[in-house]
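Coordinates in review
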Amino acid sequence: MRIISWNINSLRLRLPLLGDLVTLAQPEIICLQETKVPDHLFPEAEIKALGYNYIAYKGMKSYNGVCILSKHPFKLSPLTKDWCGKEDCRHLAVQFEFLNHPVTLHNFYVPAGGDEPDPAINPKFQHKLDFIKEASQWFKHNLDSYTIMVGDLNIAPLEHDVWNHKQLLKIVSHTPIETQNLNQWLETGFIDAMREIIPEQEKLYTWWSYRNKDWEKSNRGRRLDHLWITPNLRPALKTIKVYKEVRNWPKPSDHVPILIEFNKTPHT
DNA sequence: ATGGTAGGACCCCTA
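What you are looking at is a predicted structure, and each value in this text was computed from that prediction instead of being measured.

Cut-offs applied
Residues numbered from 1 in each chain as written. Chains lettered and ligands numbered in written order. Predicted model: local features only at pLDDT ≥ 70, side-chain atom pairs only at ≥ 80, totals over all residues. Heavy atoms only, no water. Helix = DSSP H or I, 4+ residues; strand = E, 2+ residues; numbered from the N terminus. Rg over C-alpha atoms; globule rule 2.2 N^0.38 Å. Buried < 20%, exposed > 50% of the residue type's maximum accessible area, 1.4 Å probe, protein only. Contact = heavy atoms within 4.5 Å. Lys, Arg positive; Asp, Glu negative; His and termini not counted. Charge placed at Lys NZ, Arg CZ, Asp CG, Glu CD. Phe/Tyr/Trp six-rings, centres within 6.5 Å; stacked < 30°, edge-to-face > 60°. Lys NZ or Arg CZ within 6 Å of the ring centre and 35° of its normal. Arc of directions from axis to C-beta.

Assigned secondary structure in chain A consists of 7 helices and 14 strands. Taking 268 residues into account, the globule formula puts the C-alpha radius of gyration at 18 Å, and chain A, at 17 Å, falls close to it. Seen through its C-alpha atoms, chain A measures out along the principal axes to roughly 45 × 40 × 40 Å. Out of the 268 residues belonging to chain A, those deemed buried represent 56%. Long-range contacts, defined as pairs at least 24 residues apart, comprise 69% of the intrachain contacts of chain A with a sequence gap of at least 6. Computed over 33 positive and 31 negative side-chain charges, the inter-centroid distance for chain A is 4 Å.

Listed below in structure tokens is the structure:
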């Protein structure tokens, strides 16, 4: 079972790239963030033409937006909700059968938080902290036994999730308050699947700013996108892959797709 | 220390 998570930064603009990604990665399920398309304009026919007949989307004009595209049937999970009292299209949850269990899949787009890492003067940073706090509390009581959680969490928690740990400690996405709060969310019952496979001492990025002249040469990346699983899915975990080459495709997103693959017949 | 780029809608916001 191959699942992709990707902050696509406009679904309509990058539909051709999504097609290329399907060819390259052959995912059975795709979770996208920052679709930037309101529901009445969602390109459903084009997505179905790519082979994904089961679709859930929650979008709005200009900002945010998430969707889940699948080759296998699923139902929308009742765990889908709004956060911080805002209807800003940052979360979808679905449920499907896998390994003879109902598996819940969450797709999140966490607020970026603006530039100034001080909640007293930056309401966007306050929103980000509130969002993570609320999610941490909520998952204490609403974590299904078999759960996969993916998305753009806009936080790079570990030293080697950023190109320069010391320099980024004061930069939004890598401040201690963010990484502490994200760890509390993780500790509600998840495993960081990417770091299960790729050692913590190894640099690992999923995002490179548009503002670098040569992103590959300067390599000032961050791991903002994540793949979390509950421990009972750990025996089935097969592969993690970061599709770094997609950052060099024409008109790329600043995030690259990440893949999690499970064995379909685990010996648990 | 600064400013750099991109997407979408609207004369600027968000990332």
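Right, picking up where we left off after that structure.
As a further point, take the packing of aromatic side chains. Taken as a whole and judged by the stated rule, the model has 15 aromatic pairs. Note on F108 and W185: the rings are 5.1 Å apart at their centroids and 85° apart in plane angle, and the pair reads as edge-to-face. Here the residue F108 occupies a position in strand β7 (residues 101-109), and W185 occupies one in helix α5 (residues 176-186), the gap between them amounting to 77 residues. Accessibility expressed as a relative area gives 0% for F108, which makes it buried. On the basis of relative accessible area, W185 is assigned to the buried category, the value being 0%. Ring geometry for Y205 versus W208: centroids 6.1 Å apart, planes at 85°, classification edge-to-face. In this pair, the class of Y205 matches that of W208, namely buried. One aromatic cluster in this structure is built from W83, F108, F131, W138, F139, W185, F190 and W228. Its guanidinium or amino end placed over the ring of W83, K81 lies 4.1 Å from that ring's centre, counting from NZ or CZ.

Its identity is not glycine, yet S10 carries a phi of approximately 95°, on the positive side. Position of S10 among the secondary structure elements: in the loop between β1 (2-7) and α1 (15-25). Its identity as a non-glycine residue notwithstanding, S173 has a phi of 110°, on the positive side. Take S173: it is sitting in the loop between α4 (165-168) and α5.

Within the span of α5, buried status applies to E178, T179, N181, L182, W185 and L186. For α5, the arc enclosing every buried residue in end-on projection is 165°, short of the 170-degree limit, so these residues lie on one face. In this structure, the buried residues of α5 make contact with β7, α3 (123-142), β8 (147-152), β9 (191-192) and β12 (225-229).

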